[in-house]
Structures are given as C-alpha cells and as structure tokens.
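An overview of the molecular structure
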Amino acid sequence: DAKTTQPNSMESNEEEPVHLPCNHSTISGTDYIHWYRQLPSQGPEYVIHGLTSNVNNRMASLAIAEDRKSSTLILHRATLRDAAVYYCIPVNAGGTSYGKLTFGQGTILTVHP
Amino acid sequence: NAGVTQTPKFQVLKTGQSMTLQCAQDMNHNSMYWYRQDPGMGLRLIYYSASEGTTDKGEVPNGYNVSRLNKREFSLRLESAAPSQTSVYFCASLRVAEAFFGQGTRLTVV
C-alpha cells in the first residue's frame, strides 16, 4: 500500500487560497489520488481525485506532480466552512489491493475570519 | 436518494455482548467499507468488500466479522464486545473514485 505524508496542520485566512500538500512517493501506476475531508462531527466527504492530469471541480483543484510522487489540493478561496481535516489517499484501481481506501492522519486546516 | 444508511445511530453494549451494525447503500456500488474512528483520531479501516462476494481485512480487523449479504448490504458484527471497541463506526461505499459515507454509529461498550 502506498504511504502518504501530509503536514499535521495548516492555517489560512478567509478568502485566501490554500495549498495542501501530500507526498506519496511509493504510489503505483494504477493508484488514483483521492482527497477527502472531514468536517467536525461528520463523516468524510469526497473532494476530488485524479490519476495523472490536473483536475478541477466546484470544490477545489488538484495539481499532480509529473512524477506522481506528490500532489497539492488547492482551495481557491478558503471559507470558514472549509475548516476540516483533509486526507490524501492513494487508491488502487487494479491488483490485489483493488479498492482499498485507507485514511492516514490528514492535515487539520484552520481558517481564520 | 438515501445514499448510505447505517443502523443504529447510537448503541450502548455491555462487555461481552454481541451486536451487528447494519449498512445499506442504494447506489449500486461495488465496493463497501467499515471504519472506526476513536476520539481525536483518524479513520481506521476494519474490513472492506471490493465487490459482492468478497471481503478483505483492513488495518484493524481483530474482534470483528463482516458479511456482504448482497450488493446493497454490508454488515459488521462484534461477537463479544470489549470497552476498546468504543468508537464511532462509519460505513462507506465507493463508485469509481468517489466514496459516500454514512452518518456513523456511535457505539459505547461499558
């Protein structure tokens, strides 16, 4: 299983962009990179995913390094509601660990008014 | 759209009692998961089922059993509950790349 390294915590001000990094140097060629977040007292929710190319959706952007050993989740304008724990998860799309979704420690994002 | 439904939402057990946590999804997803989350900690994978008819151990399977009853339902059983199993349990299902989570079951073992 690919291992991930994320900062324990980050802080941002409201309305500013936030770049959340993730190192996944042992990722395999068939692993997608997923990002989830967990708001206080709630279950996790999907944010975005990608394989090789950068991705955008209504919530965020995902920038994937060319060698796929790292990625960055970008929140373009942080709001107070974005305060959460953010998880970067490689998910195997083939082979014996197909579909295994394992959460690491994640990054606690604090957003200041 | 119900999504992922977990029952019960709250449960108190005595040490040694058994119970089954139920999870059902109505999205025709192949993969389903059970996690536990202790206070102030991240989610830990207990068991998962990549497809109907298959189950695999996750990070912390000891003390638990699972059944993938059909494509919709994935249950988690505690045969003899212990205080160390006090936690919030989340069920999830996965479509391609997006996982959907239930609201959680808060279990206390006394």
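Below you will find a few notes about this structure.

What follows deals with the overall build of chain B. A tally of helices and strands in chain B yields 0 helices and 11 strands. In chain B, the succession of helices and strands from N to C terminus is β-β-β-β-β-β-β-β-β-β-β. Over its C-alpha trace chain B gives a radius of gyration of 13 Å, about what one expects of a compact globule, namely 13 Å for 110 residues. Put simply, chain B has 110 residues, and 48% of those count as buried. Restricting to contacts in chain B with at least 6 residues of sequence separation, those with at least 24 account for 53%. A total accessible area of about 5,200 Å² is found for chain B, and carbon and sulfur atoms account for 48% of it.

Attention now moves to the pattern of salt bridges. Using the criterion set out here, one finds 6 salt bridges over all chains in the structure. Linking D38(B) and R36(B) is a salt bridge whose minimum nitrogen-to-oxygen distance equals 2.9 Å. For R36(B), a relative accessible area of 7% translates into the label buried. Residue R44(B) pairs with D38(B) through a salt bridge whose shortest N-O separation is 2.6 Å. Here the salt bridges share partners, and the residues they tie into one network are R37(A), E45(A) and D82(A).

Cut-offs and rules
Residues numbered from 1 in each chain as written. Chains lettered and ligands numbered in written order. Predicted model: local features only at pLDDT ≥ 70, side-chain atom pairs only at ≥ 80, totals over all residues. Heavy atoms only, no water. Helix = DSSP H or I, 4+ residues; strand = E, 2+ residues; numbered from the N terminus. Rg over C-alpha atoms; globule rule 2.2 N^0.38 Å. Buried < 20%, exposed > 50% of the residue type's maximum accessible area, 1.4 Å probe, protein only. Contact = heavy atoms within 4.5 Å. Areas by Shrake-Rupley, 256 points an atom, 1.4 Å probe, with all protein chains shown as cover. Salt bridge = Lys/Arg side-chain N within 4 Å of Asp/Glu carboxyl O.

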